[in-house]
Amino acid sequence: MSAATLTPAQKAFGELADHCILCPGCKVDLGRPVDPPECPEAMERYRSWFLLWRREVRR
Ligand SMILES: [Zn+2]
């Protein structure tokens, strides 16, 4: 799937996942991605994703 086909929420989720893979401070279990992360930066990305996602599912 190319980036052009992603919705903003999907893109934000990918950025959150990328951060959690690269950040040693993150304790996110990618098998359970709906759990909020404990890292402040990841939490910020999680919130951004959640707001976008909620907007998209309400469409
Ligand atoms: Zn992090």
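These numbers were taken from a predicted model, which means no experiment stands behind them.

Visitor: Help me understand the environment of W53 in this model?
Guide: Here W53 lies in helix α2 (residues 40-57). Overall, W53 belongs to the partly exposed group, with 16 C-beta atoms counted inside 10 Å.

Visitor: I would appreciate a short explanation of helix α1 (residues 8-22) in the present structure.
Guide: For an α-helix, the turn length of 3.6 residues means that residues three or four places apart are oriented alike. The end-to-end C-alpha distance of α1 is 21 Å, a good match for the 21 Å that 15 residues give at a rise of 1.5 Å each. For α1, every residue scored as buried is listed here: A12, F13, L16 and C20. All buried residues of α1 fall inside an arc of 100° around its axis, so they share one side. Of the exposed residues in α1, those oriented more than 90 degrees away from the buried face are D18, I21 and L22. Taken together, the buried residues of α1 touch α2.

What counts, and where the lines are drawn
Residues numbered from 1 in each chain as written. Predicted model: local features only at pLDDT ≥ 70, side-chain atom pairs only at ≥ 80, totals over all residues. Helix = DSSP H or I, 4+ residues; strand = E, 2+ residues; numbered from the N terminus. Buried ≥ 20, exposed ≤ 12 C-beta atoms within 10 Å, placed from the backbone. Expected span 1.5 Å × (residues − 1). Arc of directions from axis to C-beta. Contact = placed C-beta atoms within 7 Å.

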